[in-house]
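Survey of secondary and tertiary structure
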Amino acid sequence: MKNRQILRVIPAMETSDGAGVRIRRSIGQSQHVRLDPFLMLDEFGSDQAADYIAGFPSHPHRGFETVTYMIEGHMLHEDHLGNRGDLKNGGVQWMTAGRGIIHSEMPQQEEGMMRGFQLWLNLPAAEKMKPAGYRDIQPEDIPQLTLADGSQIKLIAGEFERDGTQHRGAVVGGSTKPLYLDIQLQPGGTVSLPVASELNAMLYLYDGRASLDGEALQARAATVLAAGDQINLAAADGGARLLLIAGQPIGEPVAQYGPFVMNTVAEIEQTLQDYRLGRLTG
Ligand code: CO
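Owing to the predicted nature of the structure, the values given are computational and were not obtained by experimental measurement.

Describing the coordination of the cobalt ion
- Within the protein, His 59 (NE2), His 61 (NE2) and His 103 (NE2) serve as the donor atoms for the cobalt ion, at 2.1 Å.
- Mapped onto the sequence, the residues coordinating the cobalt ion show the spacing H-x1-H-x41-H. Taken individually, His 59 and His 61 each receive the classification buried, so the pair is uniform in this respect.

Some remarks on the sheet that holds strand S12 (residues 133–137)
- Taken together, seven strands build an open sheet; the order of strands is S2-S3-S4-S11-S6-S9-S12 and the sheet is antiparallel. For this open sheet the edge positions go to strand S2 (13–17) and S12, each flanked by a neighbour on one side alone. Mean inter-strand twist for the sheet, computed between neighbouring axes without regard to direction, equals 20°.
- One ladder, built from five bridges, connects S2 with strand S3 (residues 21–25); its direction is antiparallel. If you follow Ser 16 over to S3, its bridge partner there is Arg 22.

Points about the environment of Leu 179
- Take Leu 179: it is sitting in strand S17 (residues 179–185).
- Given a relative accessible area of 5%, Leu 179 falls into the buried group.
- Look past the residues within four positions of Leu 179 in its chain and what remains in contact with it is Ala 157, Gly 158, Glu 159, Phe 160, Val 195, Leu 244, Ile 245 and Ala 246.

Focus: the pattern of salt bridges
- Per the stated rule, a full pass over the model turns up 13 salt bridges.
- Arg 168 is the partner of Glu 159 in a salt bridge, and the nearest nitrogen-oxygen pair spans 3.2 Å.
- Judged by relative accessible area, Arg 168 falls into the partly exposed class, the value being 48%.
- With a shortest N-O distance of 3.6 Å, Arg 162 and Asp 163 are connected by a salt bridge.
- Residue class for Asp 163 comes out exposed when judged on its relative accessible area of 71%.

Focus: the environment of Met 1
- The topology assignment puts Met 1 in the segment before strand S1 (6–11).
- Sequence separation of Met 1 and Pro 194 is 193 residues, and the distance between their C-alpha atoms is 8.7 Å.
- Beyond its immediate stretch of four places on either side in the chain, Met 1 contacts Asp 229 and Gln 230.

Reading the values: the criteria
- Residues numbered from 1 in each chain as written.
- Predicted model: local features only at pLDDT ≥ 70, side-chain atom pairs only at ≥ 80, totals over all residues.
- Heavy atoms only, no water.
- Donors = N, O, S within 2.8 Å, 3.2 Å for Na, K, Ca; no water.
- Buried < 20%, exposed > 50% of the residue type's maximum accessible area, 1.4 Å probe, protein only.
- Pairing = 2+ DSSP bridges.
- Helix = DSSP H or I, 4+ residues; strand = E, 2+ residues; numbered from the N terminus.
- Axes fitted to C-alpha atoms, helices over the stretch in contact; angles between N-to-C directions.
- Contact = heavy atoms within 4.5 Å.
- Salt bridge = Lys/Arg side-chain N within 4 Å of Asp/Glu carboxyl O.

Structure follows, in structure tokens:
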């Protein structure tokens, strides 16, 4: 086994999106800061309603998938296909924009904490124009692995073998084999996990303090990992919570214009025309 080390650190930048929701963006803060197949990673987290109340009114997407993980809070997703999804504490929404989706994501609370993440996962050229899809994953449907010391890992997506046991997330498969884990380490807790060598991988520490193979992780930053097939994590005295996100790189050119992600500028122009003419969704 080869331990993965820290390759580079992308601190999250504060910005706003939607109708004025405050977010912290690491991956995707510029078009030069991506980790194939991931286009964007946003963290939202505030107990001030003004930071989230405006939400994300109706807007389009084409050419990729969005994965929203709600740690605390309540949002309602609605889209042109007629899907309505309540996203609550611990739930995940996996949306495939494919050839086109028009959706809104609006807070269902007027006070209190709203906290979570949105990840943009690219699709290869062959799948960019597939039909739109939507999956609502309830918290109780996310498999959880409890370690001997009480540390817990939520398996949102992907699969791996550990100590002779195969572990499968709520979502398995996909051409980029996405792995998405929420790891909650007890004070002083440690864990070693396999991360297949063909996957690009990153960590995002969002609570407490932790280290990778003895090297301290920066909080609120996407920590991109070097090549290897295993990670060794250790939490400091106060424990730690972090995401592990990995996927197989697509290796194709990316042309992005806001919520549209294609391979070429010509395809983006076609997308804008489709949207203007009301043909985005087919
Ligand atoms: Co959206």
